[in-house]
Amino acid sequence: MSVISKLFKARELSVFLFLIAYLLLVGIVNPSILYGESLSSLLNNSVILILLALGQCYVLLTGEIDVSVGSIMGLSAVACGSLLLAGIPVLVMTPLVLLCGMLVGLINGLGVTLLRIPSIIMTLGTLGTIRGIMLTITDGKWIEDIPHAYKQLASVKLMGINIVVWISVLLLLGAHFFLMRTRYGRYFYAVGDNPGGAHLLGIPVKRMKLAAFVVSGGTSALAGLCFVMNIGFVPNQTGSGLELSAIAAAVLGGVSLAGGLGTALGAGIGAIFLTLISSSLVFLKIEAYWNNAISGLLLLIIVISDNQLQKWGEKKRAHDHAAQLASARPEFPGAKLQQNQNRGASS
Amino acid sequence: MTIKKAVIRWEFALLLMLFAEIIVFGLFNSDFFDFFSIVYSLNDVVYIGLAAIPMTYVIITGGIDVSIGSIMGLSSISVGVMWSSGTDIWLAVLLALVVGMAAGAVNGALVAFTGVQPLVVTLGTMFLFSGIALVISGGSNAQGYEGISGFPDSFVQLANGSLLGLPNPVLIFIVAGAAFGVLLHTTRYGRNVYLVGINAKTARYSGLPTRWLIMSTYLLCGLGASISGIVLSSYFSSARSDLGSESVLPVITAVVLGGTSITGGKGTVFGTAVASLFIGLMQYGLQMIDMSSQQTSIVIGSVLIITVAFRQLPWHRFRSGHASRAKASS
């Protein structure tokens, strides 16, 4: 197999190269984006999206989707803010908020596995419900006057990089290792790739899906905590619209919505890439209102060209196989797609 | 046949829910028993139904379109910019409808001809279209979110006037519902849309142009979003690029609540229309009994989950029995 077709398989690598290329391209126009300061602020700005995309990655791997992450993040930010204002110490507040996020994730997961509601509908329902609860708690007002000590945490640095960035990057690498190298991690892929087969192998399909939603709820809560730390107040639209950005980031990083395909690292790189696109506009001296148009166009170009290249690669591989081994059954392109369609129809 | 029966039963249940809703709210506030009070209250929510009805087509084919909110904004700002640069207002409306259809056609072409999942494609175009709308409005000095206003009275009357005692938006809703309903349920084209959703392979093997069919549903969806965006601009008599940006989720909620299966192949325009009214009246009614709009969204989200869970239960038993039989025979 040639190096190129291997590259196509390692999707996170090709996105990473794409990211570097884009960075260099912007660097040609305005070298200041390559300074350490700009790069570390890029990482800083990506933290929330990295966390959301990481959780989303687990859910997408199992073949489900979670559109409620923005609301969970908002609710967690509100919980964080109100607990802090009530004088609860950070060490008690943090686990409480994380539990709250995971609880919502658990509800999502139970709806999907126990009640068999399609995940997009279930999480659409919780999206509205949770946002409503959040706004009821705050009465539509902003939470301000977050204690200074908590905001200070955002500027604690370790080797020149914010501690929050360290935590999220370590979480990302840990999740990547867990998903790629451990037995339970592989279960997530098996469940998404072929739920029937996974079930027959004795993998607890429903429990894995439940776990994925709980993880997603937990990372969303973490994103909410980071938000309050960085921003210092909680506007009432906190997190709204981020669910779609999180999905876009994961997809950009090579996570397939069909399940069973993609890596946590890829999702994280996708999140950094999306953030890079929007922050690069300042360096390119393009007005901010171009942000969405450029992000959308790049997302479409990358995803569609990747899809076409994969198809081409698979066709080529199948062709090579057929030529080499007449007895071997060639993998025909689109097999995965059809399988997924069948699965969609039967679930 | 059983599928069709179940759908009919679901819409019947939905109608009953609608009546029950009116009666319950009527007990709190007798205004709810006044026909015209209800009809005028619908003005605020008709735009969701206008976008949801053609969305039904897309979801029946097994797709989804999350870019409609952006298309609404794009159409709205197109009308505004074209009008403020001297185009006749009705020509501008016509051209904005074309813009909406073109946006839908882009969605459809990408979904049908690349094989990338609809959610991914429309997620990309959601950013793209809302970005283009922002660029247009920024480029024409309609500063940020302020928008363009000062439309001629004839355009404002489009959504604020009334005919035969019925407010115009409700009339537009009825006409659009009837047109899309007839197209889906009585024509060959409509049957083909269902077949693509039930089994795309069968549809292709029986010689249907499945890709063009899929593309056409997104085009119609773009048209619907465009109509909705224009009605909304007329209603507020202001064209903004972010108009309708929050409407994606209520629209999908209306379609799903109306009995359309998110996996495709099943659903009716009537169900979507009734569900839109149900959601609309729910919002209005809850506000009348002094609930804040945030509490309303708790109720609507819960209603969505509960109804779908309720509908899902007996269905699964039927489906799983079916699936295990299929497995045993293979």
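This text goes with the structure placed above it.
Residues numbered from 1 in each chain as written. Chains lettered and ligands numbered in written order. Predicted model: local features only at pLDDT ≥ 70, side-chain atom pairs only at ≥ 80, totals over all residues. Heavy atoms only, no water.

Draft legend 1. Up close: the overall build of chain B. Along its length, chain B carries 14 helices and four strands. A buried classification covers 56% of the 330 residues belonging to chain B. Total accessible area computed for chain B in this model is approximately 13,900 Å², and 66% of it derives from carbon and sulfur atoms. (Helix = DSSP H or I, 4+ residues; strand = E, 2+ residues; numbered from the N terminus. Buried < 20%, exposed > 50% of the residue type's maximum accessible area, 1.4 Å probe, protein only. Areas by Shrake-Rupley, 256 points an atom, 1.4 Å probe, with all protein chains shown as cover.)

Draft legend 2. Examining the interface of chain B and chain A more closely. With 42 residues of chain B in contact, the opposing surface of chain A contributes 46 residues. Counting each side, the surface lost to burial between chain B and chain A is near 3,800 Å², with a carbon and sulfur contribution of 76%. If you sort the residues of chain B by the area they bury against chain A, Phe127, Gln294 and Ile305 of chain B come out on top, with a joint share of 15%. In this assembly, chain B and chain A are joined by zero salt bridges. Counting every contact that joins chain B to chain A gives zero residue pairs in polar contact (both at pLDDT 80 or more). Those elements that place two or more of their residues in the side of chain B that touches chain A are α5 (89–114), α6 (118–139), α12 (248–257) and α14 (293–329) of chain B. (Contact = heavy atoms within 4.5 Å. Buried area = accessible area lost by both parts, 1.4 Å probe. Salt bridge = Lys/Arg side-chain N within 4 Å of Asp/Glu carboxyl O. Polar contact = N/O pair within 3.5 Å; in protein donor to acceptor, adjacent residues only side chain to side chain.)

Draft legend 3. Layout of helix α7 (residues 153–160) of chain B. Inspection of α7 of chain B places Phe155, Val156 and Ala159 of chain B among the buried residues, and these make up the whole buried set. Buried residues of α7 of chain B fall within an arc of 100° about the axis and therefore sit on the same side. (Arc of directions from axis to C-beta.)

Draft legend 4. Up close: the pattern of salt bridges. Residue and element names in this part refer to chain A. Tallying each qualifying case throughout the model produces one salt bridge over all chains. Of the charged contacts in the structure, one is a salt bridge between Glu64 and Lys209, with a shortest N-O distance of 2.8 Å. On the criterion of sequence distance, the pair formed by Glu64 in the loop between α3 (36–61) and α4 (69–85) and Lys209 in helix α11 (residues 205–231) is long-range, its members being 145 residues apart. The same class applies to Glu64 as to Lys209, namely buried.

Draft legend 5. The arrangement of the packing of aromatic side chains in detail. This structure, assessed with the given rule, holds nine aromatic pairs over all chains. The interplanar angle of 55° and the centroid separation of 5.9 Å between the aromatic rings of Tyr22 of chain A and Phe273 of chain A together place this pair among those described as tilted. In this pair, Tyr22 of chain A sits in helix α2 (residues 11–29) while Phe273 of chain A sits in helix α13 (residues 264–283), placing the two residues 251 residues apart along the sequence. A residue is classified by how much of its surface remains accessible, and Tyr22 of chain A, at 14% relative accessible area, is buried. With a centroid separation of 5.4 Å and an interplanar angle of 70°, the aromatic rings of Phe113 of chain B and Trp212 of chain B are classed as edge-to-face. Of this pair, Phe113 of chain B sits in helix α5 while Trp212 of chain B sits in helix α11 (residues 210–236), and the two are 99 residues apart along the sequence. Over the aromatic face of Tyr189 of chain A sits the side chain of Arg186 of chain A, whose NZ or CZ is 4.4 Å from the ring centroid. (Phe/Tyr/Trp six-rings, centres within 6.5 Å; stacked < 30°, edge-to-face > 60°. Lys NZ or Arg CZ within 6 Å of the ring centre and 35° of its normal.)

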